[in-house]
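Structure at a glance
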Amino acid sequence: MRSVIMSVTKRPNTVNVPRLGDEVVARILLMLRDGLVISKGVNDYLKRVTLSCEGTEFKSELDNAREQIKKFPDARFTVRLTPPNNWLDSSNGNVGRNLRKLSFYIRMWSNNVNVELTLPGDIDIPPYAFYGCKRLHKIIFEESPVSITIGKRAFTGCTDLYMVSLPRNVILNEAFDSCEIKNLVIICDHSTLHFNLSFNNSKIAKMYIEQRGGRISINDSFCKCRIDTFEANQIDGIMNFSGAFFHSTIRHAVTTQQIYQRLMDIVGLTVEDSIVM
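Reference entry: report on the structure contained in this document. (Residues numbered from 1 in each chain as written. Predicted model: local features only at pLDDT ≥ 70, side-chain atom pairs only at ≥ 80, totals over all residues. Heavy atoms only, no water.)

One open sheet holds the five strands; their spatial order is S8-S10-S12-S14-S16, and the pairing between them is parallel. Every interior strand has two partners, whereas the edge strands, strand S8 (148-150) and strand S16 (238-239), have only one. By the bridge criterion, five bridges tie strand S12 (residues 192-196) to strand S14 (residues 215-219) in an arrangement that is parallel. Looking across to S14, one finds that Leu193 is bridged to Ile216. (Pairing = 2+ DSSP bridges. Helix = DSSP H or I, 4+ residues; strand = E, 2+ residues; numbered from the N terminus.)

What follows is the structure in structure tokens.
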């Protein structure tokens, strides 16, 4: 390891550290734990830590992540969770129980943690599986030809979602009620998407929807929502479109003339501004 030069100023418990590689991050974190203050300008660089839990010893990795987060409260953690197959084997009936364990860890972590969760696209998510997991930052489902169901309020109360990536064949049953989502991308390409009362009462910063093939049904979804930016290019095959967005507000819509007219026909939807392509 190359040598590291650090200078201590006259003020006690303050260390000026040059911008360094990852090999010294662990040493800096020990300083943070011992009460040292890192000088402004390198704070963010030195306090951002990424932990991955994805191996066969998944439970031990979760426990280790919990200890690291407790030990360094000044650090900003990104925890990437990819449960292994043995954790989500539906044949042994442990899927629901293990997902509840995982959600317990996520809810227990403090505000300095962003969680990126990757789930296989071939397992059903039981109701209330990740209810109230406010540390969830990204939800990614792997692609699978199998159709899955995401149960009632499985992600309700997740109020810091930066990205939601859904599988190609999915049924959502009130799954994302009362959420806050930065980016919601819905692309249907020779697949089947059913949204039943999903995303209602949510705040969505940016929503993009495109139906290239297959079928999308958005039955009574996106009602009482606040959507900052709505973009859509092709929605001819979307079913129950007129029943969606009831009592919702779209601040800025970027659509074709045909889609804009369909939005205007929805009872109770307010579109404050639009760009018609």
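The next subject is the packing of helix H3 (residues 58-71) against helix H4 (residues 95-108). It is at 11 Å that the axes of H3 and H4 come closest, and there the two elements cross at 10°. If you check the angle between H3 and H4, you find them roughly parallel. Contact residues: H3 offers Phe58, Lys59, Leu62, Asp63 and Arg66, while H4 offers Leu102, Tyr105 and Met108. Among the residues forming the contact of H3 with H4, the class breakdown is five nonpolar, no polar and three charged. (Axes fitted to C-alpha atoms, helices over the stretch in contact; angles between N-to-C directions. Parallel < 35°, antiparallel > 145°, perpendicular 65-115°, else oblique. Contact = heavy atoms within 4.5 Å. Nonpolar A, V, L, I, M, F, W, Y, C, P; charged D, E, K, R; others polar.)

As a further point, take the pattern of salt bridges. Counted by the stated rule, this structure contains seven salt bridges. For Arg66, the salt bridge goes to Asp63, with nearest N and O atoms at 3.7 Å. Here Asp63 and Arg66 lie together in helix H3, a separation of three residues that amounts to about one turn. Judged by relative accessible area, Arg66 falls into the partly exposed class, the value being 25%. You can call Asp63 partly exposed: its relative accessible area is 21%. Arg226 is the salt-bridge partner of Glu272, the closest N and O atoms lying 3.7 Å from each other. With Glu272 in the loop between strand S18 (270-271) and strand S19 (274-276) and Arg226 in strand S15 (residues 226-232), this pair connects stretches of sequence that are 46 residues apart. (Salt bridge = Lys/Arg side-chain N within 4 Å of Asp/Glu carboxyl O. Buried < 20%, exposed > 50% of the residue type's maximum accessible area, 1.4 Å probe, protein only.)

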